[in-house]
Amino acid sequence: MEEGRKLRREAGLIGLLFASMGGIVGSGWLFGPLTAAQTAGPASIIAWMIGAVAVLLLSFVYAELTTAFPRGGAVVAFPKLSHGSLIALIMSWVVFLGYVTVAPAEVLGVMKYAHNYLPGIVTPDAASPLGFIEAAGLLALFVVVNFFGIRWVLQLNTTLVWWKLLVPALTAVMLIVVGGHFENLTSHGFSPMGTHGILSAVSTSGIVFSYLGFRQAIELAGESSNPRRNLPIAVVGSVVIGAILYITLQVALIAAIDPKDLAHGWAKLTFKGIAGPFAGLASLLGLGWLAAFLYIDSVISPAGTGIIYTTTTSRVLFAIGNEGLMSKGLSALTERGVPVVALAITFLFGLVFLFPFPQWQTIVNYISSVTVLSYGIGPVVLLTLRKTLPIEGHPRPFLLKAAWPVAGLAFIISNLIIYWSGADTDNYVFGMILVFFVLFVAYEMFTKGSLAHLEWRGAWWLAPYFVGMWLLTRMGPKDLTGGSGLLPMGIDMVVVAVFSIVILMVAIASGIPEPEEARATILAGEPELLGPM
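So, how was this worked out
- Residues numbered from 1 in each chain as written.
- Predicted model: local features only at pLDDT ≥ 70, side-chain atom pairs only at ≥ 80, totals over all residues.
- Heavy atoms only, no water.
- Helix = DSSP H or I, 4+ residues; strand = E, 2+ residues; numbered from the N terminus.
- Buried < 20%, exposed > 50% of the residue type's maximum accessible area, 1.4 Å probe, protein only.
- Contact = heavy atoms within 4.5 Å.
- Areas by Shrake-Rupley, 256 points an atom, 1.4 Å probe, with all protein chains shown as cover.
- Phe/Tyr/Trp six-rings, centres within 6.5 Å; stacked < 30°, edge-to-face > 60°.
- Lys NZ or Arg CZ within 6 Å of the ring centre and 35° of its normal.
- Salt bridge = Lys/Arg side-chain N within 4 Å of Asp/Glu carboxyl O.
- pLDDT = per-residue confidence, 0-100.
- Expected span 1.5 Å × (residues − 1).
- Bend = angle between axes of the 7 residues up to and from the residue.
- Axes fitted to C-alpha atoms, helices over the stretch in contact; angles between N-to-C directions.
- Parallel < 35°, antiparallel > 145°, perpendicular 65-115°, else oblique.
- Left-handed = near helix turned anticlockwise from the far one by under 90°.
- Nonpolar A, V, L, I, M, F, W, Y, C, P; charged D, E, K, R; others polar.
- Patch = residues over 30% accessible without salt bridge, like charges linked within 9 Å, V, L, I, M, F, W, Y side chains within 5 Å.
- Polar contact = N/O pair within 3.5 Å; in protein donor to acceptor, adjacent residues only side chain to side chain.

For the rest of this paragraph, the subject is the overall build of the protein chain. Each helix and strand counted, the protein chain has 25 helices and zero strands in total. Looking at the protein chain as a whole, 60% of its 533 residues are labelled buried. Within the protein chain, counting contacts between residues at least 6 apart in sequence, those at least 24 apart form 83% of the total. Of the accessible surface of the protein chain, which amounts to about 18,900 Å², a share of 70% is contributed by carbon and sulfur atoms.

Laid out in structure tokens, this is it:
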């Protein structure tokens, strides 16, 4: 990074709140309620509530961490402060693998909807050569927008979010009022697929994928003009607003479906225009004007989310370079404070991930699991730093009450979401992490002739954690995780919870005893960096 160039602290409260809302309201709202209903029936409402609680617990954890350590690409920096560089490097791969795939997912969302009204021009996915070219063009557009700088991106995002909130809210109200088929809530049973349908919907239908958009404010923490005030409101507030919106949309979709279309049950639900579900329902109900708005929004909502995720993914790469975890070239900035190298890599990896995940549903399943894995480290970091930097001597700008039960429950639920994602998805997630790790170890041995310099003390527990989660998923019920069934429904979740508690205690014990860097950078007591109260 050139001398004197830094990320600019130009992100205010509304900009941060709307950055997170821009991440939450993307392609998830266009497809999530339908896929959730097909997976869990009317009980999909419960699935959205479970997802909201899980992500809200994580948001409380990160509200404390981001106000204490407001850095660009903060999720990469946090593990380094508590457990050292090796764990930070490993988790940076996990974070990046989760972030870099979101913009491609939003591109696929745009294409899937646009295929309904431009079938001869736009393909529904990136499986064909033409579809791949179209997806690449949209990804390139997201990158171009980011070259104008963070202030311009946030201003554009704020404008788009007003639209992105208005259209789904209007859609929910109109479908409830005009549809009104509330008998659908019970006519085929409220929970026709049982508990496993609800739990599977949380991870695989786009619910967690949608809510995790709250992380945008976290990654932009280093560019906040007043982190002490702005970050807790932006992080927690976005999840609450998102939960209200999504639960209302789920009720609206259920109420708008013609009971005749449920003749074969929720799993086989079909109706004219189902490929663009809300627009299709609006047309069937005679709301042509609303359908037109929805087709416009099917471009605006995913594109807006794709732009803001391109922004935050590049900040993750910037942090990897800036924290000294990989080449400093990753932290190179333009005069506008734009991480140019990181943006280029974000674009290239986005293209690469279109090959194994050319369709919206498949890429969303992967994103949900790997992103929760990356954010599940937050409770570990918080409780470790509470031990190594006790609040009595190092007060936080924002202090999470009941930190142990809240963070502990957040860690357990994060692991349950990874478990509910299923064996096939977790095979890919943990397989990719293993490949990255093997390549890294080989590189270190080749260049330095030893691995003794790596901070194993803080990172060793990731091995039993990752392997344990992979094995548990393989042993889970076939109907839920696609596993062997060795762990029956009910007992399996108790086992995952106990395993999570054991790993959490081991991880806390593995923290750096004297985290000097964390001690030096904690912002409590440095009001000049915090801004006015």
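What follows covers the packing of aromatic side chains. Applying the stated criterion across every chain yields a total of 23 aromatic pairs. Here the aromatic rings of Y113 and Y295 are separated by 6.0 Å at their centres, their planes lie at 70°, and the arrangement is edge-to-face. Here Y295 lies in helix 14 (residues 288–322) and Y113 lies in helix 6 (residues 102–117), a separation of 182 residues in the sequence. Classification of Y113 by relative accessible area gives buried; the value is 0%. A residue is classified by how much of its surface remains accessible, and Y295, at 22% relative accessible area, is partly exposed. Among the aromatic residues, ring-to-ring pairing joins Y62, F78, Y99, Y309 and Y375 into one connected group. Seen from the ring of F31, K112 lies directly overhead, with NZ or CZ sitting 4.7 Å from the centre.

To continue, consider the pattern of salt bridges. Pairing is possible between side chains of opposite charge, provided their charged atoms come close. Counted according to the given criterion, the structure contains two salt bridges. In this structure, the salt-bridge partner of R386 is E64, at a minimum N-O distance of 2.8 Å. Separated by 322 residues along the polypeptide, R386 in helix 17 (residues 377–388) and E64 in helix 3 (residues 44–68) bring together distant segments of the chain. There is no split in this pair, since R386 and E64 are both buried. Between K448 and E444 there is a salt bridge, and its shortest N-O distance comes to 3.5 Å. Of this pair, K448 and E444 are both found in helix 19 (residues 423–448), four residues apart, which corresponds to roughly one turn of the helix.

Take the confidence of the model for the protein chain next. As a note on interpretation, predicted positions should not be read in detail where pLDDT is low. On average, residues of the protein chain score 83 in pLDDT, and 90% of them are at 70 or above. In this model, residues 1–5 is a region of pLDDT below 50 whose contacts with residues beyond four sequence positions or in other chains number nine contacts.

With that settled, consider the environment of A267. Mapped onto the secondary structure, A267 falls in the loop between helix 12 (227–256) and helix 13 (277–284). As a C-alpha pair, A267 and T39 span 228 residues in sequence and 6.2 Å in three-dimensional space.

Looking now at helix 14. The terminal C-alpha atoms of helix 14, which comprises 35 residues, lie 51 Å apart, in line with the 51 Å expected from a rise of 1.5 Å per residue. At D297, helix 14 shows its maximal kink, close to 35°. Within helix 14, 26 of the 35 residues are buried, leaving the element largely enclosed by the surrounding structure. Remark: G324 follows helix 14 within two positions and exhibits a positive phi of approximately 75°.

Closest axis-to-axis distance for the helix 13/helix 14 pair is 7 Å, and the angle between their directions is 165°. Judged by the angle between their axes, helix 13 and helix 14 are roughly antiparallel. As for how helix 13 packs across helix 14, the hand of that crossing is left-handed. Touching F278, A279, A282 and S283 of helix 13 are G288, L290, A291, L294 and Y295, all from helix 14. Of the residues in the contact of helix 13 with helix 14, the class split is seven nonpolar, two polar and no charged.

Two measures define how a pair of helices packs: the angle their axes make with one another and the distance between the axes. Packing of helix 21 (residues 462–475) against helix 23 (residues 491–509) brings their axes to within 11 Å, and their N-to-C directions diverge by 175°. In terms of orientation, helix 21 and helix 23 fall into the roughly antiparallel class. Residues P464, Y465, G468, M469 and L472 of helix 21 form the contact with helix 23, whose participating residues are V495, V496, F499 and I503. Residues that form the contact of helix 21 with helix 23 fall into these classes: eight nonpolar, one polar and no charged.

A cluster of nonpolar side chains, namely Y117, L118, I121 and V299, defines an oily patch on the protein surface of about 320 Å² accessible area. Counting through the fold element by element, Y117 comes out in helix 6.

With respect to the helices and strands, the residue L471 is situated in helix 21. Along the chain, L471 and N427 lie 44 residues apart, while their C-alpha atoms are 9.8 Å from each other.

On to the side chain of S421. In this structure, S421 sits in the loop between helix 18 (403–420) and helix 19. Classification of S421 as buried rests on a relative accessible area of 7%. Within the structure, S421 has its side chain in polar contact with the backbone oxygen of I417 (distance 2.9 Å). Excluding residues within four positions of it along the chain, S421 makes contact with S203, T204, S369 and D426.

This part takes up the environment of Y375. Inspection of the secondary structure assignment puts Y375 in helix 16 (residues 360–375). For Y375, a relative accessible area of 0% puts it in the buried group. Between the C-alpha atom of Y375 and that of F411, which follows or precedes it by 36 residues, the distance is 9.1 Å.

A word on helix 6. With 16 residues, helix 6 should cover 22 Å at 1.5 Å per step; its first-to-last C-alpha distance of 24 Å lies within 8% of that length. In terms of burial, helix 6 is largely enclosed, as twelve of its 16 residues are buried. Among the residues of helix 6, those classed as buried are V102, A103, P104, A105, E106, V107, L108, G109, V110, M111, Y113 and A114.

A separate point is unusual backbone geometry. The backbone of A402 sits at a positive phi, close to 50°, despite the residue not being glycine. With relative accessibility at 49%, the residue A402 sits in the partly exposed group.

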